[in-house]
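Each chain is listed here by its residues.
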Amino acid sequence: MSDRREFRDLATPEEARTVVESLDVDPGTETVALAEARDRVLAERVDATLDVPGFDRASMDGYAVRARDTFGADEATPETLTLAGTVHAGEEPDVTVEPGTAAEISTGAVMPDGADAVVMAERTTATDDGVEIRTAVTPGEHVMLAGADIAAGARALGPGTRITAREIGLLSALGVDEVTVRARPRVGIISTGDELVRPGDELDSAAGQIYDVNSYTIASGVEDAGGEPVLYPHAGDDFEAMEGLLHEAADECDLVCSSGSTSASAVDVIYRVIEKRGDLRLHGVAVKPGKPMLVGTIGESAYVGLPGYPVSALTIFRTFVAPVIRDAAGLSEPRTATVAGEMAVEERYTEGRLRYMPVGLVESGDGSTLVYPVDKGSGATTSLVDADGTVAIDPDTEVLPAGRTVEVTLFSPDVRVPTLFGVGEDDPLWNRLLDRIEAPRYLPTGTANGRRRLRDGVPDVAVVAGPATDDEPGEALGAGRASGDSPSHPTATWATSLRWSTATIGSSTATAGRACTEVSTPNWSEWPTTAGSRWRR
């Protein structure tokens, strides 16, 4: 009899979020040097311990004067004052400004005794008798008084302030060389499974080995959320070894995240480890991707078990775990960006749980945004980079028809629509062209899928194997072979209509959709540059 565990009682996303948020991952506080404080969060209020500036100082180059000596001065009737001396920044003045005198002064220099204003250098003229003042000034003009920036005892920065270059500037002005900040939560990361190999090690594909994707992916996510990732050695599916590794991580970290070994499989052992030595609070959540999720504690440390598939693991981490790490680090939720667009194709879904569908964005010929699914399954790592964001599909939704307006939560506010979107065969010559286009996206979907997507009106171009078919959308423009062309790389043959154009590239055919305008290929060796410069929306 199989001892496979089934996910019979899945928690709702709201229940799962509540359980994860109840975990204690508070890392406490620590003191760091000012040079290491950028992007940290203050744990305590900082009060000014001195006046800034600590003295009355000149705000510009010019002459320190008694304001009353300038009254009535202008361009037509300047006042001439005797030069008493010079005051440079960073030195104590050794002159006193008496009535009828002035002292040359540099920006930031201490105001000499007797002076109460500065005349900017541009409104003065040096003479043999002293200096002509061609404008009147009032007391305090062009002078920053002591404590005008911030006074001793004043509140400078409050707890919860994220330290940026601006705050570091203020702290520097106050003479602060170290600050007490929220510590970064230490997150232990363990990838499990007998089949995993760390990148850089030799891979035995015949034995079913695969590279460990999740360790580095989740570690990057932890850093983005304000945590400190700690990578532990890869763990196989051995109960004793995994138990020891989990307890080691729990003793050293505030939160332990493992990936893999949480699905309903007889060889997976983490479920039994947590059940035996910890507190299992949740097993399974009604979302796709990401159903096999564990939440609990190991000793004093919080624990979250992520699914093994990369897309599922990152989805669960971003949705449930990252917010908890950010909160523990004292960081606010990051600025999110959403865009509205129309579904380019129909999408059916009947699994009855919340689905975070990875999607990509393209721009239609009229400038509107089209949304297309990028879902190769939870085990496809390319889904992580081929998508621009996700669309949340309600459990009760069975069909998203083409043309339906949906809201896309972008992976980053920096996401931009690709300049060219292509699908089809992975053709090396086409890849050369893509290398010369700024920010393209190409999905190697194969010929049949490429033709289907092209007819749906989503991509700009499809590269398909073999000659054009009779039902190829478009009209032939001409064919030929330019001098110097390789027999295996004939000159492109294009056909076009109002929406489509096609081209033969080596053994493949490129069919262009929404974005293609006129393209000519006088010589194959020039084709990537010539064609690349003419693809546009």
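Residues numbered from 1 in each chain as written. Predicted model: local features only at pLDDT ≥ 70, side-chain atom pairs only at ≥ 80, totals over all residues. Heavy atoms only, no water.

Re the pattern of salt bridges
Evaluated as defined, the whole model comprises 13 salt bridges. Note that Arg-134 is salt-bridged to Glu-75, the shortest N-O span being 2.9 Å. In this pair, Arg-134 is assigned in the loop between strand S9 (130–133) and strand S10 (143–144) and Glu-75 in the loop between strand S4 (62–65) and strand S5 (79–87), connecting sequence segments 59 residues apart. Judged by relative accessible area, which is 15%, Arg-134 ranks as buried. Using a relative accessible area of 47% as the deciding quantity, one classes Glu-75 as partly exposed. Here Asp-279 makes a salt bridge to Arg-281, at a shortest N to O gap of 3.1 Å. Residues participating in the shared-partner salt-bridge network are Arg-38, Asp-39 and Arg-162. (Salt bridge = Lys/Arg side-chain N within 4 Å of Asp/Glu carboxyl O. Helix = DSSP H or I, 4+ residues; strand = E, 2+ residues; numbered from the N terminus. Buried < 20%, exposed > 50% of the residue type's maximum accessible area, 1.4 Å probe, protein only.)

Digging into the confidence of the model for the protein
Across the protein, the average pLDDT comes to 82, with 82% of residues at 70 or higher. Of the regions scoring below 50 in pLDDT, residues 1–6 engages in eight contacts with residues more than four places distant in sequence or in other chains. (pLDDT = per-residue confidence, 0-100. Contact = heavy atoms within 4.5 Å.)

Details of the environment of Val-95
Along the polypeptide, Val-95 turns up in the loop between S5 and strand S6 (101–105). The class for Val-95 is buried, based on a relative accessible area of 13%. For the pair Val-95 and Ala-84, spaced 11 residues apart in sequence, the C-alpha to C-alpha distance is 6.8 Å. The residues touching Val-95, leaving out its near neighbours within four places in the chain, are Ala-84, Gly-85, Val-87, Ala-103, Pro-112 and Asp-113.

Structural notes on the nonpolar core
Within the largest apolar cluster, 33 residues are counted, with the highest numbers of intra-cluster contacts made by Leu-255, Met-293, Leu-306, Phe-320 and Val-321. Within the residue set of this core, elements represented by two or more residues are helix H1 (13–21), strand S13 (186–191), helix H3 (214–224), strand S17 (255–259), strand S21 (301–306), helix H6 (310–329) and strand S24 (354–363). Residue contributions to this core peak at nine residues, all from H6. Apart from residues no more than four positions distant in its own chain, Phe-320 is found in contact with Pro-13, Ala-16, Arg-17, Val-20, Val-285, Val-287 and Met-293. In terms of nonpolar packing, the next biggest core, distinct from the first, is built from 19 residues, Ala-235, Leu-246, Cys-253 and Leu-294 among them. (Core = buried A, V, L, I, M, F, W, Y, C linked by side-chain atoms within 4.5 Å.)

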